[in-house]
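# Secondary and tertiary structure notes
Here's the letter readout for the chains.
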Amino acid sequence: MRNTYSHGNTLSTASQLSLPNWIRARGMSFYQMSLMGGSALGAFVWGKITNSTDVTTGVVASAIFGIVALVLIRKHRIHGHEGEDLSPVCPIERPHPSRDIDPHEGPVMISIEYHIHQEQADAFRKLMAKTRGSRLKQGALSWSLFEDVEHAGKFLEYFVFETWADYLRRFDRFTADDLAMQEERHRLHIDSSPPKLTRRIATQLKH
């Protein structure tokens, strides 16, 4: 019994440490819901099997299922990446729109233009694969990276938020690990000026 409580505490601690501050409460609510829901579902399923057969069959079936489940989820672990720093930081300059924007207006599209040396293109693509996960964790609905077919080494990253309010929340979700990736992207950018960032919001057409 003591080992069961110990493992439960370890799992709970790992779950909390793997989540950034801004989503920890929501993430832990899903964790608790899954834990309690899984226990209730398991009790129902194995109870039905035991009722239809016998206790031995039910226990053996549950043991086999447990082994199969462990094999299937062996690649999924509840912890952050080694060395990942989820401390909140906000190095991005907040926008100064030319007009008042309603928080519910949107979608909002952010584009960033990079100029990368040809020899560093593969390293840049690998870094942008990690960047995609970061953008989506910050609340982006979609993300893409485009390469200019007429200008070698010119890339355009874009990501979209549902509303202006969702975009502004991004500033509270930026972590030290995101900052490290940003600095790495800027190191690969070969222009003297920083990557060009443009913010656009969907316009409402009048009929």
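Quick summary incoming for the structure in this document. Bear in mind that the values here come from a model prediction, so they are computed numbers and not experimental data.

### Some thoughts on the overall build of the chain
- Counting its regular elements, the chain contains six helices and four strands.
- Each of the 207 residues in the chain was classed as buried or not, and the buried ones make up 26%.
- Across the chain, the fraction of contacts at a sequence separation of at least 24, relative to all contacts at a separation of at least 6, is 72%.
- For the chain, the accessible surface area stands at approximately 14500 Å², while carbon and sulfur atoms represent 57% of it.

### A closer look at the sheet that holds strand 2 (residues 142-147)
- Reading across the sheet, the four strands line up as 2-3-1-4 and stay open at both edges, with antiparallel pairing between neighbours. Each edge of the open sheet is held by one strand with a lone partner, namely strand 2 and strand 4 (196-201). Strand after strand, the sheet turns through a mean of 15° between neighbouring axes, direction not considered.
- Direction of pairing for strand 1 (residues 108-115) relative to strand 4: antiparallel, over a ladder of six bridges. Note on strand 4: the bridge partner recorded for Glu113 is Lys196.
- Against the sheet, helix 4 (residues 121-137) touches strand 1, strand 2 and strand 3 (154-161), its axis set at about 165° to strand 2.

### So, the packing of aromatic side chains
- Tallied over the entire structure, the rule returns eight aromatic pairs.
- Ring centres 5.0 Å apart and planes at 50° place the aromatic pair Phe124 and Phe155 in the tilted group. You can see Phe124 sitting in helix 4 and its partner Phe155 sitting in strand 3, a full 31 residues away along the chain.
- Under the relative-accessibility criterion, Phe155 is labelled buried at 3%.
- Ring plane angle 25° and centroid distance 5.9 Å describe the contact between Phe146 and Tyr158, whose orientation is recorded as stacked. One end of the pair, Phe146, is in strand 2; the other, Tyr158, is in strand 3, and twelve residues separate them in sequence.
- Classification of Phe146 as partly exposed rests on a relative accessible area of 46%.

### Section: unusual backbone geometry
- The omega torsion of the bond from Gly106 to Pro107 falls at 0°, within 30 degrees of zero and hence cis.
- Inspection of the secondary structure assignment puts Pro107 in the loop between helix 3 (55-72) and strand 1.

### Digging into the environment of Glu105
- Here Glu105 is to be found in the loop between helix 3 and strand 1.
- What makes Glu105 buried here is its relative accessible area of 19%.
- Distance from Glu105 to Asp166, taken between C-alpha atoms, is 9.8 Å for residues 61 residues apart in sequence.
- Setting aside anything within four residues of it in sequence, one finds Glu105 in contact with Arg99, Asp100, Glu162, Thr163, Trp164 and Ile201.

### Structural notes on the pairing of strand 2
- With six bridges joining them, strand 2 and strand 3 adopt antiparallel strand pairing. Looking across to strand 3, one finds that Phe146 is bridged to Leu156.
- Hairpin geometry of strand 2 and strand 3 is characterised by an intervening segment of six residues between the two adjacent antiparallel strands and by a positive phi of about 85° at Gly153.

### Overview of the side chain of Arg185
- Locating Arg185 in the fold gives a position in helix 6 (residues 176-188).
- Among buried Asp, Glu, Lys and Arg side chains, Arg185 stands out as unpaired, with Glu157 the closest opposite charge at 4.8 Å.
- One polar contact links Arg185 to Tyr114, side chain to side chain, over a distance of 3.3 Å.
- Contact partners of Arg185, with chain neighbours within four places excluded, come to Tyr114, Leu127, Met128, Thr131 and Arg135.

Procedures and definitions
Residues numbered from 1 in each chain as written. Predicted model: local features only at pLDDT ≥ 70, side-chain atom pairs only at ≥ 80, totals over all residues. Heavy atoms only, no water. Helix = DSSP H or I, 4+ residues; strand = E, 2+ residues; numbered from the N terminus. Buried < 20%, exposed > 50% of the residue type's maximum accessible area, 1.4 Å probe, protein only. Contact = heavy atoms within 4.5 Å. Areas by Shrake-Rupley, 256 points an atom, 1.4 Å probe, with all protein chains shown as cover. Pairing = 2+ DSSP bridges. Axes fitted to C-alpha atoms, helices over the stretch in contact; angles between N-to-C directions. Phe/Tyr/Trp six-rings, centres within 6.5 Å; stacked < 30°, edge-to-face > 60°. Lys, Arg positive; Asp, Glu negative; His and termini not counted. Salt bridge = Lys/Arg side-chain N within 4 Å of Asp/Glu carboxyl O. Polar contact = N/O pair within 3.5 Å; in protein donor to acceptor, adjacent residues only side chain to side chain.

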